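# Commentary on secondary and tertiary structure
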Amino acid sequence: MSMGTMETVRHVLSGAVPQFLSSDLFSSNSDLVLYSRCHIKSVERRGPRYLPSLKCSSMSGCRIGSYRCKRLGGGLYRDTAIDRLKLLSCKCQQAESVGGVDTGEGNSEWFVDSANKFNLNGSINSQNNLEFEHVAQLKRENEVSMSNDKAGTGTSTFAAASVDSVEEEAWDLLRASMVYYCGSPVGTIAANDPTCSNVLNYDQVFIRDFIPSGIAFLLKGEYEIVRNFILHTLQLQSWEKTMDCHSPGQGLMPASFKVRTVPLDGDDSATEEVLDPDFGEAATGRVAPVDSGLWWIILLRAYGKCSGDLSVQERVDVQNGIKMILRLCLADGFDMFPTLLVTDGSCMIDRRMGIHGHPLEIQSLFYSALLCAREMLTLENGSADLLRALNNRLVALSFHIREYYWIDMRKLNEIYRYKTEEYSYDAVNKFNIYPDQISPWLVEWMPNKGGYLIGNLQPAHMDFRFFSLGNLWAVVSGLATTAQSHAILDLIEAKWADLVAEMPFKICYPAVEGQEWQIITGRDPKNTPWSYHNSGSWPTLLWQVTVACMKMNRPEIAAKAVSVAEKRLSRDKWPEYYDTKKARFIGKQSRLFQTWSIAGYLVAKLLLVDPSAAKILTTEEDSEIVNAFSCMITSNPRRKRGPKSSKKTYIV
């Protein structure tokens, strides 16, 4: 260990923890301040489609080490279509040198050393991360030892001290993963694994990965990073995006973005920061992220409910962003179903896993986003038709999922006795499901008490796999009825050994194996049976389990899952996922110090302390939808057949 590291350890164990490692990253620091002038500019384009260029300057106070800066000026939030690497560019003229700075505590050497080890985006380099990990471990051991000295050697005291140190380490790691743009926090990187030399895109800010981080910061009362994330990703929504000369529909949110430092045009001696998004054109399989926009709407509502700041969701550009996402999702197509039709790999399961069609995860997020958007949309001339379409879709979607995706022992027996090839308007087997599709594992696995929503439904095909995120978010959003929600949690309790075992939570169950695995995944070496998306165990799902349990007033399930996770997460260095049926191994390609594993644990802990805080994410069963069900069930389907009434006249 170097002398610098030993000095840092001495400071940590003595309580003189550097501020970037402390739990209060957002406290003011006047020890070492740099000033930079940031000019945020847009590019002037010809034609009425593009707005005139606008410049906005702000003064930022920057601290070396974590690059913590407090924005004093305003940002640029205009809804324009701008070429890549031009929308939000920030020219930062940094001070060439800093001299004569006295911290007053004899820590000037530490700041210089930290400045060499940290980059300006807040991510730690490999050497520093290894030392940080060692320091955190020594700190935990020291705290546990001190606690035992004061309170004896009782196991309860030791366990409490261990849990507290795990939480503290998690907060330190989460804050160390923060990414800064023009001096302001805008997100957290996906992973900060010092053992992996091939970074790939794990150094980017993913929309879906940031959600648990954002919720953790909201519950902690730290709103700035979430607000910045919402507004900056909104700007990326309007970028022109193409792949092989084709452009997707307006409203698509990026899968991720990265803060890059590039030379200024015409001036090689100066640089600027730019946000560089990926809409799927660089992703594995080149799949557009359908869930990004849905998560964005859910986080926007959570921000308003938690912070009380409704001015963000009421902004004209934010309202336009919501409408663009809704129009993209509610657009008419060939499909006869109210569910969203998507390709394989368009959500958390972002590799080929046989979920193309109408996967439950997308439908649960879709329903949740529709409810959140309806709550936030302002009433104006352009919103009436959109709200009407939104309400109609909510009714149809909830009926479709509750009626046709639900399965329990009674429903399974009903499917087992289905008649096929029915041609009539009142057919029982509407989707022509063949009873032979019922797998032997399901017959043995389905408990007498409990049920769940199947993974997918298409003509002549039901995917009977249990997909955790889709079922949990159906509970959170109210897509599942109250009775169905309790039944889902009953099934989780009954099948704890399969879904949780030694680490929560299975992303799906069971794994596809043998010839089925070869056909469905194309022999994907990453999605081998009981690994990664093929029934691997993902600690980040812990927060969704907890939100669902809090909504249904069953916190004991969440507390049990958290206690299982606490035994290993810190010791295993916060892996991305675990392998094997019982989650005994760290995933063979799992990244360590995965940010959403860290954030998911923190959100779960915060909600166990304050269960009422889950209301920023939950929505209740809509009474209007419930009333509409009775009409839909009792109505004759043939009555609605025939041409639509129209006041239009046509000249023949």
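From a predicted model like this one, the values you see are computed outputs, not experimental measurements.

### Examining the overall build of the chain
When helices and strands are counted, the chain shows 21 helices and 15 strands. Buried residues in the chain amount to 56% of all 652 residues. Here the analysis covers contacts within the chain between residues at least 6 apart in sequence; of these, 73% occur between residues at least 24 apart. Element-wise, carbon and sulfur atoms account for 52% of the exposed surface of the chain, whose accessible area totals about 29,300 Å².

### Quick look at the packing of helix α5 (residues 207–219) against helix α7 (residues 290–307)
Direction vectors running N to C along α5 and α7 enclose 5°, while the axes themselves pass 10 Å from each other. Considering the angle they form, α5 stands roughly parallel to α7. For the pair formed by α5 and α7, the contact residues are I207, R208, F210, I211, I215, L218 and L219 on the first element and D291, S292, W295, L299, A302, Y303 and C306 on the second. The residue inventory of the contact of α5 with α7, partitioned by class, reads eleven nonpolar, one polar and two charged.

### Focus: the pairing of strand β5 (residues 178–181)
Regular strands show a simple pattern: their side chains alternate between the two faces of the sheet. What you see with β5 is no split at all: M178 and Y180 on one side and V179 and Y181 on the other are buried throughout. Connecting the antiparallel pair β5 and strand β6 (residues 184–188) is a turn made up of two residues, with C182 showing a positive phi of about 55°.

### Digging into helix α9 (residues 316–330)
Its 15 residues place the ends of α9 21 Å apart at the C-alpha level, agreeing with the 21 Å of an ideal helix rising 1.5 Å per residue. Counting buried positions along α9 yields eleven of 15 residues, so the element is predominantly enclosed. All of the buried residues in α9 are D317, V318, Q319, G321, I322, K323, M324, I325, L326, C329 and L330. Of the surrounding elements, those touching the buried residues of α9 are α6 (224–237), α7, α8 (311–314), α10 (360–376) and α11 (384–405).

### Considering the environment of I189
Turning to its location among the elements, I189 is positioned in the loop between β6 and β7 (205–206). A C-alpha to C-alpha distance of 6.6 Å links I189 and V179, two positions ten residues apart in sequence.

### Digging into the pattern of salt bridges
Under the criterion given, the structure shown has 21 salt bridges. In this structure, the salt-bridge partner of R208 is D291, at a minimum N-O distance of 2.7 Å. Of this pair, R208 sits in helix α5 while D291 sits in helix α7; the two residues are 83 residues apart in sequence, bridging distant segments of the chain. Among the residues examined, R208 registers a relative accessible area of 11% and is labelled buried.

### Some details on the pairing of strand β12 (residues 461–467)
Of all seven residues that make up β12, six are buried, and the element is covered over most of its length. For strand β11 (residues 451–458) and β12, the ladder comprises four bridges, and the chain directions are antiparallel. Paired with L457 across the bridge in β12 is M462. The loop that links β11 with its antiparallel partner β12 comprises two residues; one of these, A460, has a positive phi angle of about 60°. Strand direction decides the pairing type here: β12 and strand β13 (residues 508–509), joined by two bridges, are antiparallel. Across the sheet, F467 pairs through a bridge with C508, a residue of β13.

### Points about the nonpolar core
Formed by 158 residues in total, the largest nonpolar core has its most connected members in W296, I322 and Y452. With eleven residues, the single largest contributor to this core is α10.

### What to know about the confidence of the model for the chain
Mean pLDDT over the chain works out to 79, with 69% of the residues at or above the 70 mark. Scored below 50 in pLDDT, residues 8–89 makes 219 contacts in the model with residues more than four places away or belonging to other chains. The model gives residues 91–132 a pLDDT under 50, and that stretch makes 66 contacts with residues more than four places away or in other chains.

### A word on the environment of S307
Checked against the element boundaries, S307 lands in helix α7. A C-alpha to C-alpha distance of 9.9 Å links S307 and E224, two positions 83 residues apart in sequence. Within the local environment of S307, its side chain forms a polar contact with the backbone oxygen of Y303, the two atoms lying 2.6 Å apart. Here the side chain of S307 touches D309 through a polar contact of 3.1 Å, landing on its backbone nitrogen.

### With respect to the sheet that holds β12
Spatially, the four strands line up as an open sheet ordered β10-β11-β12-β13, and their pairing is antiparallel. The open sheet is flanked by β10 (406–408) and β13, the only strands paired with a single partner. Lying on the sheet, helix α12 (residues 409–416) is in contact with β10 and β12; it crosses β10 at an angle near 100°. Packed on one face of the sheet, helix α15 (residues 482–494) meets β10, β11 and β12 and runs near 105° to β11.

Definitions and limits used
Residues numbered from 1 in each chain as written. Predicted model: local features only at pLDDT ≥ 70, side-chain atom pairs only at ≥ 80, totals over all residues. Heavy atoms only, no water. Helix = DSSP H or I, 4+ residues; strand = E, 2+ residues; numbered from the N terminus. Buried < 20%, exposed > 50% of the residue type's maximum accessible area, 1.4 Å probe, protein only. Contact = heavy atoms within 4.5 Å. Areas by Shrake-Rupley, 256 points an atom, 1.4 Å probe, with all protein chains shown as cover. Axes fitted to C-alpha atoms, helices over the stretch in contact; angles between N-to-C directions. Parallel < 35°, antiparallel > 145°, perpendicular 65-115°, else oblique. Nonpolar A, V, L, I, M, F, W, Y, C, P; charged D, E, K, R; others polar. Pairing = 2+ DSSP bridges. Expected span 1.5 Å × (residues − 1). Salt bridge = Lys/Arg side-chain N within 4 Å of Asp/Glu carboxyl O. Core = buried A, V, L, I, M, F, W, Y, C linked by side-chain atoms within 4.5 Å. pLDDT = per-residue confidence, 0-100. Polar contact = N/O pair within 3.5 Å; in protein donor to acceptor, adjacent residues only side chain to side chain.

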